[in-house]
Amino acid sequence: MIIDKETCIGCQLCQPYCPMGCISYRESEEKCAIDLDECVECGICQRPKVCPTGALQQQELDEMRNLRRTFSNPLVPHKTTSVPGRGTEEMKTNDVTGRFKRGHAGVAVELGRPGTGTRFCDVEKVAMAVAPIGVVFEPQNPVTALMVDTATGKMQDGIRDEKVLSAIVEFDVVIEKLEAALTAIKNVAPQLDTVFSLDLASRMSADNTVPTADIARKVGFVPSYNGKTNVGLGRPLAKGV
Amino acid sequence: MTHSLHRHGTLDNLQEDYVVFAIAAQTVNAKGKAPVFGEFYKIVNKYSPVLSGDMKTGNSLAVGLEAIAAGHQDNSIVHAVYTDKNVVAQVLNELREADLGLSIVVSGLLDHVDTCCNKAGIQRHTIEHSLGIHGNTKRLPKDQVLEISTMCGHGMVAFNLINHMADEIKAGRKTPGQAADELAAQCHCGIVNPVRAAALLKLMAQ
């Protein structure tokens, strides 16, 4: 996104809408401007139509700016998933897809969330920390599509400095390796410039208990009292999960 | 996409915050589901959600109920937000009876949702826990801002906008309800709870 200097009147109404805080007011010019290194092309500043002169304008995006946009604007479905937003259907359709089976756990590390954004160098640090455990990166996740080697978690050259609103490292792991995977995430956390929100998905046991929560506690993570529940009304039900 | 998972809050204020939504699996049962999302939307609206929306169209504050009802697609994700767990139980019961075949997910206090499922005669299938926010947490704002911001998992409600709305209330230019509606309208999916947001903004403005 750019601000057209000819039409901007410097009213600053757009400033609070930017989730990255990258719209600044330049007193010398009495105009607002966007720091393009920090802008993630989410389009959120333009949506509420607060600019009285239409000075917020979507410029033509090259490949890297488009990469930012697809990870930042939730209205743009990813080619790899058909799902709008940044991730996958993960546990939301598990009753139908059987993505997470008993004996397995789904883990998602959403870097940049909440509200801080992330660069792909941080995404790579997390991916490379968990890859040696033997996790299976979710093939439908757009972050996985940017890896040059899913055995190591290494990302494509040329994208590490690109900033996006958030990006999700998502993987399936057998329960026996969950503790190691969560420990790797805990150990890499202090090396990051950004924050991440951490998810743990699991198929309910037959006795209506959750088999993974105690493993998370053992590593030092505290499962929140709120979360998401797939209530199992999807049809056809996945078999063998 | 974990858009409704990490709702930051206290045990107290999360008791009035539940999201019920429907989604189809793109590789299994999505084809032809657009009208089924319409049936889902009719059911959830019977129980007066405080906000609703379809990822493909927008939320009820921004585009209105009719536009949402007319815009369902096979890859829609349709949401409704409630403040009362007893209402959630009733919604789940009607959804079970309707047997739409869509995957139904409820975000909220896990124990309460389990109770809702029991009341509706439903056995939970899969659970997703939030294990919290980690990394460089020095970059995070104060809790009340986080509690509002995390209601939109796509990050469309900026920290700065929340602080700005609290200032507007403090200055007497907006009521907490008006400010909360403006914030909720930002969330395209329609999963911000404007009732909870108004209460939090009121506290921030004091």
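Calculation rules
The residue count restarts for each chain, going from 1 along the sequence in the order it is written. Here every chain gets a letter starting at A, and every ligand a number starting at 1, in the order they are written. Thresholds applied to this predicted model are a pLDDT of at least 70 for local features of residues and 80 or more for the giving and counting of side-chain atom pairs; totals over whole chains, interfaces and linings are not thresholded and use all residues. With hydrogens and water set aside, each side-chain value is computed from the structure's full complement of heavy atoms. The pLDDT value tells you how sure the predictor is about a given residue, anywhere from 0 up to 100. Note on classification: 1.4 Å probe, protein chains only; a residue is buried when its accessible area is under 20% of the maximum for its type, exposed when over 50%, partly exposed between these limits. Helix numbers and strand numbers start at the N terminus; a helix is a DSSP run of H or I with at least 4 residues, a strand a run of E with at least 2. Should any heavy atoms of two residues lie within 4.5 Å, those residues are counted as being in contact. Only the contacting stretch of a helix is used when fitting its axis, a line to C-alpha atoms as for every element, and angles between N-to-C directions run 0 to 180 degrees. In these notes the angle categories are as follows: under 35 degrees is roughly parallel, over 145 is roughly antiparallel, 65 to 115 is roughly perpendicular, and the rest is oblique. Here a crossing is called left-handed whenever its near helix is offset anticlockwise from the far helix by less than a right angle, and right-handed whenever the offset is clockwise. Under the scheme applied, nonpolar residues are Ala, Val, Leu, Ile, Met, Phe, Trp, Tyr, Cys and Pro; charged residues are Asp, Glu, Lys and Arg; polar residues are all the others, including Gly. Every case where a carboxyl oxygen of Asp or Glu lies within 4 Å of a side-chain nitrogen of Lys or Arg is listed as a salt bridge. Counted as a polar contact is a pair of N or O atoms within 3.5 Å, where, for protein atoms, one must be capable of donating a hydrogen and the other of accepting one, and residues adjacent in sequence contribute only when both atoms are in side chains. Should DSSP find at least two bridges between two strands, the strands are taken to pair. Any pair of Phe, Tyr and Trp rings, taking the six-membered ring for Trp, is counted once the centres come within 6.5 Å. Such a pair is stacked with planes under 30 degrees apart, edge-to-face with planes over 60 apart, and tilted for the rest.

Novice: So what's going on with the confidence of the model for chain B? Residues and values would help.
Specialist: A residue-level look at chain B finds 100% of positions with pLDDT of 70 or above and a mean pLDDT of 96. Listed scores for the predicted complex are pTM 0.95 and ipTM 0.97.

Novice: Which residues make up helix α4 (residues 110-120) of chain B, and what values do they have?
Specialist: All of the buried residues along α4(B) are B:L110, B:H112, B:V113, B:D114, B:C116, B:C117 and B:A120. Lining the buried residues of α4(B) we find β13 (226-230) of chain A together with β1 (18-23), α3 (85-98), β5 (103-109) and β6 (126-135) of chain B. Trailing α4(B) by a residue or two, B:G121 shows a phi angle of about 70 degrees, which is positive.

Novice: A description of the packing of helix α1 (residues 34-46) of chain B against α3(B) should follow, citing residues and the corresponding values.
Specialist: All names here are of chain B. In the contact formed by α1 and α3, the axes pass within 10 Å of each other and the chain directions differ by 150 degrees. On the basis of their axis angle, the class for α1 and α3 is roughly antiparallel. As α1 runs across α3, the sense of the crossing is right-handed. In contact with F40, I43, V44 and K46 of α1, α3 contributes V91, E94, L95 and A98. Of the residues in the contact of α1 with α3, the class split is six nonpolar, no polar and two charged.

Novice: Lay out the interface of chain A and chain B in plain terms, naming residues and giving numbers.
Specialist: Taken together, the contact between chain A and chain B spans 72 residues of the former and 71 residues of the latter. With a closest N to O distance of 3.4 Å, B:E128 and A:K228 form a salt bridge. At the junction of chain A and chain B, the tally comes to 35 residue pairs in polar contact (both at pLDDT 80 or more). Among the secondary structure elements, those contributing two or more residues to the side of chain A that touches chain B are α2 (94-97), β12 (195-203), α6 (213-219) and β13 of chain A. At nine residues, β12(A) tops the list of elements feeding residues into the side of chain A that touches chain B. Considering only residue class, the side of chain A that touches chain B consists of 37 nonpolar, 22 polar and 13 charged. Pairing between β12(A) and β6(B): eight bridges, direction antiparallel. Residue pairing for β6(B): A:V195 is matched across the bridge by B:G135.

Novice: Lay out the packing of aromatic side chains in plain terms, naming residues and giving numbers.
Specialist: Residue and element names in this part refer to chain A. Applying the stated rule across the entire model yields two aromatic pairs over all chains. A centroid spacing of 6.4 Å and a plane angle of 85 degrees characterise the contact between F137 and F171, whose relative ring orientation is edge-to-face. Within this pair, whereas F137 is found in strand β7 (residues 136-137), its partner F171 is found in strand β11 (residues 167-174), the two being separated by 34 residues in sequence. The exposure class assigned to F171 is buried, which follows from its relative accessible area of 1%.

Novice: Tell me what's going on with unusual backbone geometry, and back it up with residues and numbers.
Specialist: Residues and elements named next belong to chain A. In this structure, the amide linkage connecting R113 to the following residue, P114, adopts the cis form with an omega of 5 degrees. Within the element layout of this structure, P114 appears in the loop between β5 (104-111) and β6 (118-119). Cis geometry marks the peptide bond from R235 to P236; its omega dihedral reads 0 degrees. Mapped onto the elements, P236 comes out in the segment after β13.

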